[in-house]
Amino acid sequence: KAGVTQTPRYLIKTRGQQVTLSCSPISGHRSVSWYQQTPGQGLQFLFEYFSETQRNKGNFPGRFSGRQFSNSRSEMNVSTLELGDSALYLCASSFVRQGGYGYTFGSGTRLTVV
Amino acid sequence: AQTVTQSQPEMSVQEAETVTLSCTYDTSENNYYLFWYKQPPSRQMILVIRQEAYKQQNATENRFSVNFQKAAKSFSLKISDSQLGDTAMYFCASGGSQGNLIFGKGTKLSVKP
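Residues numbered from 1 in each chain as written. Chains lettered and ligands numbered in written order. Predicted model: local features only at pLDDT ≥ 70, side-chain atom pairs only at ≥ 80, totals over all residues. Heavy atoms only, no water.

Observations regarding the nonpolar core
Among the nonpolar cores identified, the biggest contains 24 residues, and Trp36(B), Phe75(B), Leu77(B) and Tyr90(B) are the most heavily contacted of them. Looking at this core, the elements that each hand over two or more residues are β3 (19-21), β5 (33-39), β6 (46-52), β8 (64-69), β9 (74-79), β10 (88-95) and β12 (107-112) of chain B. Beyond its immediate sequence surroundings of up to four residues, Phe75(B) is in contact with Cys23(B), Tyr25(B), Leu34(B), Phe35(B), Trp36(B), Gln51(B), Val66(B), Asn67(B), Phe68(B) and Cys92(B). Judged by nonpolar contacts, the second largest core, of 21 residues, contains Leu21(A), Phe47(A), Phe64(A) and Ala87(A). (Core = buried A, V, L, I, M, F, W, Y, C linked by side-chain atoms within 4.5 Å. Buried < 20%, exposed > 50% of the residue type's maximum accessible area, 1.4 Å probe, protein only. Helix = DSSP H or I, 4+ residues; strand = E, 2+ residues; numbered from the N terminus. Contact = heavy atoms within 4.5 Å.)

Written as C-alpha coordinates, this is what we have:
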(Lines give C-alpha, C1' and ligand atoms only; values in the text may rest on other atoms or scores of the structure.)
Protein backbone atom coordinates (compact mmCIF):
# COMPACT_ATOMS: atom_id res chain seq x y z
CA LYS A 1 0.00 0.00 0.00
CA ALA A 2 1.45 3.38 -0.96
CA GLY A 3 2.06 5.77 1.91
CA VAL A 4 0.99 9.36 2.34
CA THR A 5 2.39 11.42 -0.53
CA GLN A 6 3.19 15.09 -0.20
CA THR A 7 4.30 17.30 -3.03
CA PRO A 8 6.48 19.14 -3.55
CA ARG A 9 9.24 18.10 -1.13
CA TYR A 10 10.87 21.52 -1.16
CA LEU A 11 9.62 24.97 -2.03
CA ILE A 12 11.15 28.43 -1.96
CA LYS A 13 8.83 31.41 -2.16
CA THR A 14 9.09 35.16 -1.77
CA ARG A 15 7.29 37.18 0.89
CA GLY A 16 3.86 38.19 -0.26
CA GLN A 17 3.40 35.29 -2.64
CA GLN A 18 0.98 32.44 -2.14
CA VAL A 19 1.67 28.72 -2.13
CA THR A 20 -0.30 25.50 -2.51
CA LEU A 21 0.82 22.21 -1.01
CA SER A 22 -0.65 18.84 -1.88
CA CYS A 23 -1.27 15.69 0.12
CA SER A 24 -2.53 12.33 -1.13
CA PRO A 25 -3.61 10.05 1.71
CA ILE A 26 -3.31 6.31 1.83
CA SER A 27 -5.91 4.68 -0.38
CA GLY A 28 -9.15 4.27 1.53
CA HIS A 29 -8.31 6.86 4.18
CA ARG A 30 -10.87 9.65 4.21
CA SER A 31 -9.39 11.94 6.83
CA VAL A 32 -6.46 14.25 6.18
CA SER A 33 -4.95 16.59 8.75
CA TRP A 34 -2.21 19.20 8.38
CA TYR A 35 0.53 20.30 10.76
CA GLN A 36 3.17 22.98 10.78
CA GLN A 37 6.54 22.13 12.32
CA THR A 38 9.02 24.86 13.27
CA PRO A 39 12.02 24.82 15.63
CA GLY A 40 10.43 27.43 17.86
CA GLN A 41 6.80 26.33 18.06
CA GLY A 42 7.19 22.63 17.41
CA LEU A 43 4.34 20.74 15.77
CA GLN A 44 1.06 22.63 15.56
CA PHE A 45 -2.26 21.45 14.19
CA LEU A 46 -3.62 23.45 11.24
CA PHE A 47 -6.85 21.72 10.18
CA GLU A 48 -8.48 18.41 9.44
CA TYR A 49 -10.74 17.34 6.59
CA PHE A 50 -13.06 14.37 6.34
CA SER A 51 -15.17 13.64 3.27
CA GLU A 52 -14.46 17.10 1.84
CA THR A 53 -15.57 18.88 5.02
CA GLN A 54 -13.35 20.71 7.46
CA ARG A 55 -14.10 19.19 10.84
CA ASN A 56 -11.48 20.86 12.97
CA LYS A 57 -9.25 23.90 12.79
CA GLY A 58 -6.23 25.02 14.77
CA ASN A 59 -5.30 28.51 15.83
CA PHE A 60 -3.84 29.91 12.63
CA PRO A 61 -4.72 33.10 10.74
CA GLY A 62 -7.11 33.05 7.81
CA ARG A 63 -4.18 33.15 5.39
CA PHE A 64 -3.97 29.42 5.95
CA SER A 65 -6.72 27.50 4.21
CA GLY A 66 -7.32 24.06 2.86
CA ARG A 67 -9.67 21.85 0.99
CA GLN A 68 -10.28 18.22 0.25
CA PHE A 69 -11.40 16.66 -2.99
CA SER A 70 -13.76 13.77 -3.60
CA ASN A 71 -10.80 11.39 -3.98
CA SER A 72 -9.63 12.45 -0.48
CA ARG A 73 -6.60 14.29 -1.78
CA SER A 74 -6.10 17.53 0.11
CA GLU A 75 -4.45 20.84 -0.57
CA MET A 76 -3.46 23.60 1.77
CA ASN A 77 -2.93 27.15 0.68
CA VAL A 78 -1.02 29.94 2.35
CA SER A 79 -1.59 33.42 0.98
CA THR A 80 0.50 36.55 1.49
CA LEU A 81 3.49 34.57 2.73
CA GLU A 82 5.50 35.87 5.67
CA LEU A 83 9.02 34.92 6.71
CA GLY A 84 7.56 33.18 9.76
CA ASP A 85 5.68 30.75 7.53
CA SER A 86 8.96 29.00 6.77
CA ALA A 87 8.43 25.53 8.15
CA LEU A 88 8.02 21.86 7.48
CA TYR A 89 4.39 21.16 6.62
CA LEU A 90 3.24 17.65 7.37
CA CYS A 91 0.02 15.97 6.48
CA ALA A 92 -1.38 12.82 8.01
CA SER A 93 -4.11 10.44 7.00
CA SER A 94 -5.98 8.56 9.65
CA PHE A 95 -6.73 4.89 9.90
CA VAL A 96 -8.81 2.65 12.08
CA ARG A 97 -7.15 -0.53 13.24
CA GLN A 98 -8.28 -2.94 15.91
CA GLY A 99 -11.05 -0.51 16.78
CA GLY A 100 -8.73 2.40 17.37
CA TYR A 101 -7.40 5.39 15.49
CA GLY A 102 -3.92 6.12 14.25
CA TYR A 103 -2.27 8.64 11.99
CA THR A 104 0.23 8.02 9.19
CA PHE A 105 2.34 10.98 8.17
CA GLY A 106 3.87 11.98 4.88
CA SER A 107 7.47 13.12 4.51
CA GLY A 108 6.44 16.75 4.48
CA THR A 109 6.99 19.82 2.35
CA ARG A 110 9.81 22.09 3.43
CA LEU A 111 8.71 25.67 2.69
CA THR A 112 11.26 28.47 2.79
CA VAL A 113 10.04 32.05 2.52
CA VAL A 114 12.69 34.60 1.54
CA ALA B 1 -6.01 24.04 27.00
CA GLN B 2 -4.69 20.63 26.08
CA THR B 3 -0.97 20.24 26.63
CA VAL B 4 1.71 17.60 26.24
CA THR B 5 5.00 17.98 28.10
CA GLN B 6 8.23 16.16 27.44
CA SER B 7 10.67 17.17 30.14
CA GLN B 8 13.81 15.62 28.60
CA PRO B 9 15.06 17.65 25.61
CA GLU B 10 17.93 15.22 25.01
CA MET B 11 18.89 11.74 26.11
CA SER B 12 21.55 9.25 25.22
CA VAL B 13 21.82 5.50 25.72
CA GLN B 14 24.35 2.83 24.94
CA GLU B 15 23.49 0.30 22.29
CA ALA B 16 21.63 -2.75 23.69
CA GLU B 17 20.62 -0.90 26.87
CA THR B 18 17.17 0.28 27.95
CA VAL B 19 15.97 3.88 28.02
CA THR B 20 12.73 5.51 29.16
CA LEU B 21 11.34 8.73 27.70
CA SER B 22 8.89 10.71 29.81
CA CYS B 23 5.66 12.39 28.79
CA THR B 24 2.83 14.01 30.74
CA TYR B 25 -0.35 15.38 29.24
CA ASP B 26 -3.49 17.25 30.10
CA THR B 27 -6.70 16.88 28.15
CA SER B 28 -10.39 17.58 28.58
CA GLU B 29 -11.34 14.81 26.18
CA ASN B 30 -13.04 11.71 27.52
CA ASN B 31 -12.14 9.46 24.62
CA TYR B 32 -8.59 10.11 23.52
CA TYR B 33 -5.51 8.38 22.26
CA LEU B 34 -1.86 8.73 23.10
CA PHE B 35 0.95 8.23 20.64
CA TRP B 36 4.70 8.12 20.39
CA TYR B 37 6.15 9.13 17.06
CA LYS B 38 9.75 8.91 15.91
CA GLN B 39 11.24 11.46 13.51
CA PRO B 40 14.69 10.59 12.15
CA PRO B 41 16.72 13.13 10.13
CA SER B 42 14.81 12.02 7.03
CA ARG B 43 11.93 13.93 8.77
CA GLN B 44 9.36 11.18 8.17
CA MET B 45 7.13 10.90 11.26
CA ILE B 46 6.87 7.22 12.09
CA LEU B 47 4.31 5.83 14.51
CA VAL B 48 6.08 3.89 17.23
CA ILE B 49 3.21 2.95 19.51
CA ARG B 50 -0.30 4.06 20.45
CA GLN B 51 -2.53 3.67 23.46
CA GLU B 52 -6.29 4.05 23.76
CA ALA B 53 -7.00 5.90 26.97
CA TYR B 54 -9.90 3.63 27.91
CA LYS B 55 -7.63 0.59 27.91
CA GLN B 56 -5.80 -0.07 31.15
CA GLN B 57 -3.38 -2.55 29.64
CA ASN B 58 -0.11 -0.97 28.54
CA ALA B 59 0.60 -1.18 24.81
CA THR B 60 3.68 -3.02 23.53
CA GLU B 61 5.24 -3.22 20.08
CA ASN B 62 8.30 -5.46 19.98
CA ARG B 63 11.09 -3.56 21.81
CA PHE B 64 8.82 -0.61 22.58
CA SER B 65 6.41 -0.46 25.49
CA VAL B 66 4.58 2.23 27.41
CA ASN B 67 3.78 2.87 31.02
CA PHE B 68 0.37 4.53 30.95
CA GLN B 69 -0.75 6.06 34.24
CA LYS B 70 -4.13 7.61 33.50
CA ALA B 71 -4.72 9.20 36.90
CA ALA B 72 -1.28 10.80 36.83
CA LYS B 73 -1.69 11.68 33.12
CA SER B 74 1.65 10.10 32.40
CA PHE B 75 2.64 8.18 29.29
CA SER B 76 6.29 7.12 29.19
CA LEU B 77 8.01 5.12 26.45
CA LYS B 78 10.49 2.38 27.20
CA ILE B 79 12.88 1.22 24.50
CA SER B 80 14.59 -2.07 25.24
CA ASP B 81 17.73 -3.39 23.55
CA SER B 82 18.37 0.03 21.98
CA GLN B 83 19.69 -0.01 18.43
CA LEU B 84 21.61 2.58 16.43
CA GLY B 85 18.58 2.97 14.19
CA ASP B 86 16.56 4.20 17.18
CA THR B 87 18.49 7.49 17.07
CA ALA B 88 15.85 10.15 16.31
CA MET B 89 13.55 12.78 17.76
CA TYR B 90 10.69 11.23 19.70
CA PHE B 91 7.39 13.03 20.04
CA CYS B 92 4.61 12.25 22.44
CA ALA B 93 1.13 13.26 21.28
CA SER B 94 -2.44 13.12 22.48
CA GLY B 95 -5.59 13.52 20.49
CA GLY B 96 -8.97 12.31 19.40
CA SER B 97 -10.28 11.00 16.14
CA GLN B 98 -10.42 14.30 14.28
CA GLY B 99 -6.76 14.80 13.55
CA ASN B 100 -6.14 17.45 16.16
CA LEU B 101 -3.09 15.90 17.74
CA ILE B 102 -1.28 17.91 20.40
CA PHE B 103 2.45 17.24 20.37
CA GLY B 104 5.15 17.67 22.95
CA LYS B 105 8.37 19.50 22.10
CA GLY B 106 10.21 16.24 21.57
CA THR B 107 13.14 14.33 23.04
CA LYS B 108 16.28 13.90 20.99
CA LEU B 109 17.53 10.37 21.56
CA SER B 110 21.06 9.35 20.65
CA VAL B 111 22.04 5.69 20.72
CA LYS B 112 25.79 5.30 21.08
CA PRO B 113 27.78 2.28 19.88
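Now, onward.
Considerations on unusual backbone geometry
The general pattern is negative phi for most residues beyond glycine and trans for most peptide bonds. Residues and elements named next belong to chain A. Between Thr 7 and Pro 8 the backbone carries a cis peptide bond, its omega angle lying at -10°. Relative to the helices and strands, Pro 8 is located in the loop between β1 (5-7) and β2 (10-13). One non-glycine residue, Ser 51, adopts positive backbone phi at about 50°. Mapped onto the elements, Ser 51 comes out in the loop between β5 (42-50) and β6 (53-57). Judged by its relative accessible area of 33%, Ser 51 falls in the partly exposed class.

Some details on the side chain of Ser82(B)
All names here are of chain B. The topology assignment puts Ser 82 in the loop between β9 and β10. At 2.8 Å, the side chain of Ser 82 and the backbone oxygen of Glu 17 are in polar contact. Residues in contact with Ser 82, not counting those within four places in the same chain, are Val 13, Gln 14, Glu 15, Ala 16, Glu 17, Val 19, Arg 63 and Val 111. (Polar contact = N/O pair within 3.5 Å; in protein donor to acceptor, adjacent residues only side chain to side chain.)

What to know about the sheet that holds strand β8 (residues 74-78) of chain A
All names here are of chain A. Read from one edge of the open sheet, four strands run β1-β3-β8-β7, paired in antiparallel fashion. Each having just a single partner strand, β1 and β7 (64-68) make up the two edges of the open sheet. Averaged over all pairs of adjacent strands, the angle between strand axes in this sheet comes to 20°, irrespective of strand direction. Summarising the sheet, β7 and β8 pair through five bridges and their orientation is antiparallel. (Pairing = 2+ DSSP bridges. Axes fitted to C-alpha atoms, helices over the stretch in contact; angles between N-to-C directions.)

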